[in-house]
Amino acid sequence: MRATRVLGLWFSLGGAGLALAFHAGSSALGAERIPECPSVGWPTGGVSLPVDNARVLQWKRTTENQYLDRGHVQGRITRVFEERPGHVHFEIQIGDQALDTIEVVYNKSFGGLPSLKAGAQVEACGDYITSTAPSGPYPASPSGAIIHWVHANPKGKGHPPGFVVVEGKVCGQDLDHV
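Residues numbered from 1 in each chain as written. Predicted model: local features only at pLDDT ≥ 70, side-chain atom pairs only at ≥ 80, totals over all residues. Heavy atoms only, no water.

A. The state of the cysteines, seen in detail. According to the stated counting rule, one finds one disulfide in the structure shown. Cys-37 shares a disulfide with Cys-125; S-S distance 2.1 Å. Across the S-S bond linking Cys-37 and Cys-125, the dihedral sits near 85°, which makes this disulfide right-handed. Taken together, the residues Cys-37 in the loop between strand S3 (17-22) and helix H1 (53-62) and Cys-125 in strand S7 (residues 121-130) connect sequence positions 88 residues apart. Taken individually, Cys-37 and Cys-125 each receive the classification buried, so the pair is uniform in this respect. (Disulfide = S-S within 2.5 Å. Helix = DSSP H or I, 4+ residues; strand = E, 2+ residues; numbered from the N terminus. Buried < 20%, exposed > 50% of the residue type's maximum accessible area, 1.4 Å probe, protein only.)

Encoded structure:
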């Protein structure tokens, strides 16, 4: 099954016919073309994941530390964390409650980001990880969960690609410096 987003609507054609889902608040309107967010089955199978903040928040509330899945979220920046070598970390609000946040981890090797400010609209596609306790060299996330690998896959195989969109600008697709 393949899903396509057109002006904020997701269209999927599968065995049961055509399915339609509304993609609320899509930053695709008036912005650059946003890539599809592939599921785990990429590149030989899988589907394009729609934005699903509720599912990601469910994982954050119910899964153990280091749970891994693919996530596609949309929200507004609430804070920008101190940069770490090669990466930018910031938090977005993806639900109505104060703790409905996720940390986005962006690898600067895949291009720059626009200026990150509280309130900026963000859409991110990548690997979701519940991060409530340290794991190896990585500290727990202040948000309790992260979404990372929000960039292209330079090898084109193995790991599904991702992206981050900040105020309509698609980021994470620059392969010139990788």
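Let us keep going from here.
B. Region of interest: the packing of aromatic side chains. Overall, the coordinates contain three aromatic pairs when judged by the stated rule. Relative to Tyr-67, the ring of Trp-59 has its centre 5.8 Å away and its plane inclined at 55°; by these criteria the two rings are tilted. With relative accessibility at 9%, the residue Trp-59 sits in the buried group. Judged by its relative accessible area of 27%, Tyr-67 is partly exposed. For the pair Trp-59 and Tyr-128, a centre-to-centre distance of 5.2 Å together with 45° between the ring planes defines the contact as tilted. Within this pair, whereas Trp-59 is found in helix H1, its partner Tyr-128 is found in strand S7, the two being separated by 69 residues in sequence. These aromatic residues form a ring-pair network of at least three members: Trp-59, Tyr-67 and Tyr-128. (Phe/Tyr/Trp six-rings, centres within 6.5 Å; stacked < 30°, edge-to-face > 60°.)

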